[in-house]
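Architecture and fold: a report
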Amino acid sequence: MPEQSIRIRDAHTHNLDHLDLDIRRNRLIVVAGVSGSGKSSLVFDTIAAEAGHELNETFPPFTRNRLPTWTRPQVGSLEGLSPVIVVDQRRLGGNARSTVGTITDTWTYLRLLFSRVSEPHVGESTSFSFNDQAGMCPTCSGLGEVVTSAVERFLDLDRSLSGGAIRLPGFGNGGYWYTKYADIGSFDTDTPLRDWTPGEREALLYGGKHAAALGTRPPSDYEGVVARFERIHLRTSDSLSDRKRTTIEEFTETSPCPDCRGDRLHEAARTAVIEGRTIGELSRMEIPELREAVRRVERPEVSSVVQALVERLDAMITIGLGYLHLARATTTLSGGESQRIKAVKHLGSSLIEMLYVFDEPTVGLHPHDIDSMVTLLSQLRDRGNSVLVVEHDPAVMAVADEIIEIGPEAGSGGGRLVFQGSFSELGAADTPTSRALAARHPEVVAPRSPGAGSRSVTPDGTRCRT
């Protein structure tokens, strides 16, 4: 049976120069090249984009309208694709309840464990979920902390309304909500707020009885600045834009929930224990310590749960994330941590024959963590998947099944196949990547006799075997 490949013909997305290329499936492939050479145009904007688009087309219109959109690449033909999973360095967002535990599914196994063997018995696993009404702390709604308006920051008392006294975005002169206060005839727009009466300032901020006490009553639907801010920023969807998140950070104060003390769960779930520890205590342990605690649970009725949880925790340790704990909010993770968390999540998937695409996964990593990332990439491949990695690090190249170099230059001087072969064969090739590696890492890339399986490109653009 012939070896399966991703067959690309006449790819001319962005600066790709009508590229023809066959990429073997079920391999770990590194795509290299100088910055701007076209490697991302090939991997992300051509291969991943077409795979994502074709998968989306299998869903009904209602579903497609709610899926990420893909711009179709400029390519003559593209065959041999699988559903694609892009593992990039964009920081994990998620809602305010998203944690390392929830994003990796380790929390799912942990709460399943507690629902079965904790003492006292509490109930179903939803009783240990802070994303469910049955489990969340009623005081903080499962957030683990309470957020209150920092009202003292809302106003600049030395300014007038027309001069920007309301510091909140959208409330200043010309802002979306400015007229709700300046044009209702209840407030002097040109006098600094410091010269207003206390009652007028309270009416501006809180409305209600304070507004009703004004000599000139505001409209019946008048809403104070504080109520409007909290409705817009604190009581809307859990998914926050970066702009809203910045505003909330500037104009609110956060403190641990006075009832759950950060555990996020209702009282019954907070008091249940396994081996003398609550689920909250376990969630704050570093991953290696948590793994050992879970291993000590030797109950036959939960042996499969313990095994699945330990495997996930092992994967996190393998990828260099052992210093994290499950209660850590995903919004606090760096781009590199986010990428590795995404990869760990996919290691637990039973899907095979997928196409995984990574964007420079070793950027900013310590050498030890680079080794961990290499291990993870290899594991994804060994599970029966195709792994494409845009990368420059020789540690990743050295374990790749094949190197593809796009170039030779950036922009209009790139977009062509420069080299295709093994890492050892790259050392004997005269390409921008091989020369850069030889200069920076002579200990790993040394001149050697040409191999028998690589392909480089002659000056006239034709391929030759070296």
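See the structure above.
Notes on the structure follow. Everything numeric here is computed off the predicted structure, so don't read it as measured data.

Side note on the overall build of the protein
- Assigned secondary structure in the protein consists of 18 helices and 15 strands.
- Over its C-alpha atoms the protein spans a radius of gyration of 29 Å, topping by over 25% the 23 Å that the globule rule assigns to 466 residues.
- Over its C-alpha atoms, taken along the principal directions, the protein stretches across nearly 90 × 60 × 50 Å.
- The burial tally for the protein puts 47% of its 466 residues in the buried class.

Digging into helix α6 (residues 198-206)
- Those residues of α6 not exposed but buried are A203, L204 and L205.
- Two residues or fewer past α6, G207 is found with a positive phi of approximately 60 degrees.

Topic: the side chain of R111
- Tracing the chain through its elements places R111 in helix α4 (residues 106-117).
- No salt bridge is formed by the buried R111; its nearest oppositely charged neighbour, D132, is found at 7.1 Å.
- Polar side-chain contacts of R111 include one of 3.1 Å to the backbone oxygen of S125.
- In this view, R111 contacts S125, T126, F128, S129 and I279; residues no more than four positions away in its chain are not counted.

Notes on the pairing of strand β13 (residues 416-421)
- Most of β13 is tucked away, with five of its six residues classed as buried.
- Here strand β12 (residues 402-407) runs beside β13; their pairing, made up of five bridges, is antiparallel. Bridge pairing in β13 places I406 opposite L417.

Reading the values: rules and limits
- Residues numbered from 1 in each chain as written.
- Predicted model: local features only at pLDDT ≥ 70, side-chain atom pairs only at ≥ 80, totals over all residues.
- Heavy atoms only, no water.
- Helix = DSSP H or I, 4+ residues; strand = E, 2+ residues; numbered from the N terminus.
- Rg over C-alpha atoms; globule rule 2.2 N^0.38 Å.
- Buried < 20%, exposed > 50% of the residue type's maximum accessible area, 1.4 Å probe, protein only.
- Lys, Arg positive; Asp, Glu negative; His and termini not counted.
- Salt bridge = Lys/Arg side-chain N within 4 Å of Asp/Glu carboxyl O.
- Polar contact = N/O pair within 3.5 Å; in protein donor to acceptor, adjacent residues only side chain to side chain.
- Contact = heavy atoms within 4.5 Å.
- Pairing = 2+ DSSP bridges.

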